[in-house]
Amino acid sequence: MTSFAPSANIADLRESATIAVSARAKALRAAGRPVIDLGAGEPDFPTPAFVLEAAHAALDAGATRYTQVEGILPLRQAIAERASAVHGNAIGAENVVVTAGTKQALFNACFSLFAAGDEVLVPTPGWTSYYQMLALARAVPVAIRGTREHDLKVTVQDLERAASPRTRGLILNSPCNPTGAVYSRRELTEIVACAERHGWWIISDEIYRAISYDGEAASLLSVVADLDRLVVVDGVAKSFAMTGWRIGWSIAPPAVARAMTALQSHTTSNAATLSQHAALAALSNAEQARQTVDGMVAEFRVRRDAALGALRAAAIDVIEPHGAFYLYIRAGDATAEDPEPGTTFARRLLEEREVAVVPGIAFGSPEWMRMSYAAPADQVMEGVRRIIAARIS
Ligand SMILES: Cc1ncc(COP(=O)(O)O)c(C=O)c1O
């Protein structure tokens with residue numbers, strides 16, 4: 001038998017908890033158990049037909065070869081044009097690197113900006129992979145906990161308290177996974193001013209920006225005067241129901257974009273050529289894209305309102321989501337006997353009531369758990385009924 005001791009690079013690496021929950025739900029389903037999966041972070045809509053048609057046409061035209069590492073020029077131009085419209089000043093293709101999903105854009109940014117001993121502030125609860133990506137870069141993720149009064153968002157005071165001479169940056173995510181909280185323009189302006197005072201980098205993960213319920217969620221591009229110390233990442237996965245196509249991108253100062261391109265040239269090279277053409281279609285057909293996004297957001301809103309109403313009527317503490325497609329639910333107080341009530345509750349819910357949710361420990365808050373409403377409405381509501389029944393039993 002081969003003996004394997006993981007290298008020091010990955011010795012502390014943990015599997016993505018959100019993916020692990022979905023895998024467990026799928027395994028139970030395969031074993032014949034009728035599990036409702038509210039763990040996944042994936043729109044339950046098909047990729048729009050106009051994107052599929054463009055992909056077929058690109059395949060027929062021979063889009064099967066390597067492209068430039070940083071992505072095909074028309075796609076980078078389309079991304080740059082949209083970013084310029086938000087920023088107000090010109091952003092060019094030289095600022096853009098196309099990646100295999102937003103995940104790769106985030107990893108490239110963490111790996112290129114931060115190194116051993118650098119501290120990076122992560123508003124917590126926060127998306128599970130930020131902590132692991134920073135650790136892979138040998139940087140130190142510093143979890144900053146938001147308070148319940150601020151929907152678990154962090155304030156400048158929270159950041160200032162955590163700052164040290166080793167702090168190099170900050171990762172923002174609005175709308176936020178797992179809470180659905182959205183930072184207002186004023187809150188973002190204050191955070192940017194704080195980062196500027198300290199000379200910190202900001203990585204702004206805006207993958208859920210198109211899915212927001214109270215007008216457009218603000219982009220950091222519309223807040224900063226220039227791109228000097230900002231990397232914005234986004235992608236087509238959530239807003240165009242294109243999770244499996246694996247296309248994301250970063251918008252960064254040209255020197256950073258070049259460094260991330262060099263890193264990518266030794267790891268994955270270009271994102272899949274066919275997928276780049278599909279993403280180009282998604283970004284270039286404004287009217288059809290708008291209809292797709294509006295249709296999804298309308299459906300998510302109906303589910304959010306119904307699920308939120310039922311949970312509140314049962315006096316369950318839940319953050320009101322203003323974006324994304326998650327409900328963050330408080331499972332109980334952490335105690336010496338049960339330091340992770342969210343994990344305990346999620347395990348019981350899956351084994352006894354056949355509903356999969358993600359324990360909050362995956363996002364750095366063990367008292368909570370996340371349910372996704374990116375699932376058919378009847379399953380979402382049945383899941384909510386079972387959560388309520390389990391909560392009060
Ligand atoms: C906050 C956040 N950022 C990034 C990603 C990764 O997106 P992609 O599928 O484009 O890699 C996800 C996916 O769940 C996410 O929730």
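Placed above this text is the structure.
Conventions we followed
- Residues numbered from 1 in each chain as written.
- Predicted model: local features only at pLDDT ≥ 70, side-chain atom pairs only at ≥ 80, totals over all residues.
- Heavy atoms only, no water.
- Helix = DSSP H or I, 4+ residues; strand = E, 2+ residues; numbered from the N terminus.
- Rg over C-alpha atoms; globule rule 2.2 N^0.38 Å.
- Buried < 20%, exposed > 50% of the residue type's maximum accessible area, 1.4 Å probe, protein only.
- Pairing = 2+ DSSP bridges.
- Right-handed = clockwise from strand over helix to strand, strands pointing away.
- Axes fitted to C-alpha atoms, helices over the stretch in contact; angles between N-to-C directions.
- Contact = heavy atoms within 4.5 Å.
- Phe/Tyr/Trp six-rings, centres within 6.5 Å; stacked < 30°, edge-to-face > 60°.
- Lys NZ or Arg CZ within 6 Å of the ring centre and 35° of its normal.
- Polar contact = N/O pair within 3.5 Å; in protein donor to acceptor, adjacent residues only side chain to side chain.
- Near = heavy atom within 4 Å.
- Areas by Shrake-Rupley, 256 points an atom, 1.4 Å probe, with all protein chains shown as cover.
- Nonpolar A, V, L, I, M, F, W, Y, C, P; charged D, E, K, R; others polar.

Trainee: Would you mind showing me how to read the overall build of the chain here?
Mentor: The number of helices and strands found in the chain is twelve helices and twelve strands. In terms of overall dimensions, the chain is globule-like: its C-alpha atoms have a radius of gyration of 21 Å, near the 21 Å expected for 393 residues. Overall, the chain is about 55 × 55 × 55 Å in size when its C-alpha atoms are taken along their principal axes. Across the 393 residues of the chain, 56% fall into the buried class.

Trainee: So what exactly am I meant to see when it comes to the pairing of strand 4 (residues 140-145) here?
Mentor: Remark: a regular strand shows side chains that alternate across the two faces of the sheet. One ladder, built from six bridges, connects strand 3 (residues 119-124) with strand 4; its direction is parallel. Looking at strand 4, one finds that Val120 is bridged to Pro141. Handedness of the β-α-β unit built from strand 3, helix 5 (residues 128-136) and strand 4 comes out right-handed.

Trainee: Please explain the sheet that holds strand 4 as it appears in this structure.
Mentor: Through backbone hydrogen bonds, the strands of a sheet pair up, either in parallel or in antiparallel fashion. With mixed pairing, the seven strands of this open sheet are ordered in space as 2-8-7-6-5-3-4. Each edge of the sheet is formed by a strand with only one pairing partner; in this case those strands are strand 2 (96-99) and strand 4. The mean inter-strand angle of the sheet, taken between neighbouring strand axes irrespective of direction, is 20°. As paired elements, strand 3 and strand 5 (residues 167-173) share three bridges and run parallel to each other. What sits directly across from Glu119, in strand 5, is Thr167. Packed on one face of the sheet, helix 5 meets strand 3, strand 4, strand 5 and strand 6 (201-205) and runs near 170° to strand 3. In the packing of helix 8 (residues 254-265) onto the sheet, contacts are made with strand 2, strand 6, strand 7 (230-235) and strand 8 (248-251), and the angle to strand 2 comes to roughly 25°.

Trainee: Please explain the packing of aromatic side chains as it appears in this structure.
Mentor: Two aromatic rings, taken as a pair, are described by how far apart their centres are and by the angle between their planes. Enumeration over the complete set of coordinates arrives at ten aromatic pairs. Ring geometry for Trp127 and Tyr130: centres 5.4 Å apart, planes at 75°, overall edge-to-face. On the basis of relative accessible area, Trp127 is assigned to the buried category, the value being 14%. Given the relative accessible area of 2%, Tyr130 is considered buried. By the ring-pair criterion, three or more aromatic residues cluster together here, those being Phe45, Tyr208, Phe300, Phe325, Tyr326 and Tyr373. Note that Lys153 overlies the ring of Tyr183, its terminal NZ or CZ placed 5.5 Å from the centroid. Residue placement shows Arg304 over the ring face of Tyr213; its charged tip is 4.5 Å from the ring centre.

Trainee: Would you explain the side chain of Asn270 in this entry?
Mentor: Mapped onto the elements of the fold, Asn270 is located in the loop between helix 8 and helix 9 (273-284). Polar contacts involving the side chain of Asn270 include one to the main-chain amide nitrogen of Thr67, which spans 3.2 Å. Of note is the side chain of Asn270, whose polar atom sits 3.4 Å from the side chain of Thr273.

Trainee: What should I look at first to understand the site of the ligand in this one?
Mentor: Near the ligand lie 14 residues; those nearest to it are Asn177, Asp205, Tyr208, Lys238 and Arg246. Protein chains bury 92% of the 390 Å² of accessible surface belonging to the ligand in isolation. At four residues, helix 4 (residues 101-113) tops the list of elements feeding residues into the shell around the ligand. Classifying every residue of the shell around the ligand gives six nonpolar, four polar and four charged.

Trainee: So what exactly am I meant to see when it comes to unusual backbone geometry here?
Mentor: With the exception of glycine, the majority of residues adopt a negative phi angle, and the majority of peptide bonds are in the trans configuration. Here Thr124 and Pro125 are connected by a cis peptide whose omega angle stands at 10°. Positionally, Pro125 belongs in the loop between strand 3 and helix 5. Going from Ser174 to Pro175, the amide bond is cis rather than trans, its omega being -10°. Among the secondary structure elements, Pro175 is positioned in the loop between strand 5 and helix 7 (185-198). Even without glycine at this site, Leu152 takes up a positive phi of about 65°.

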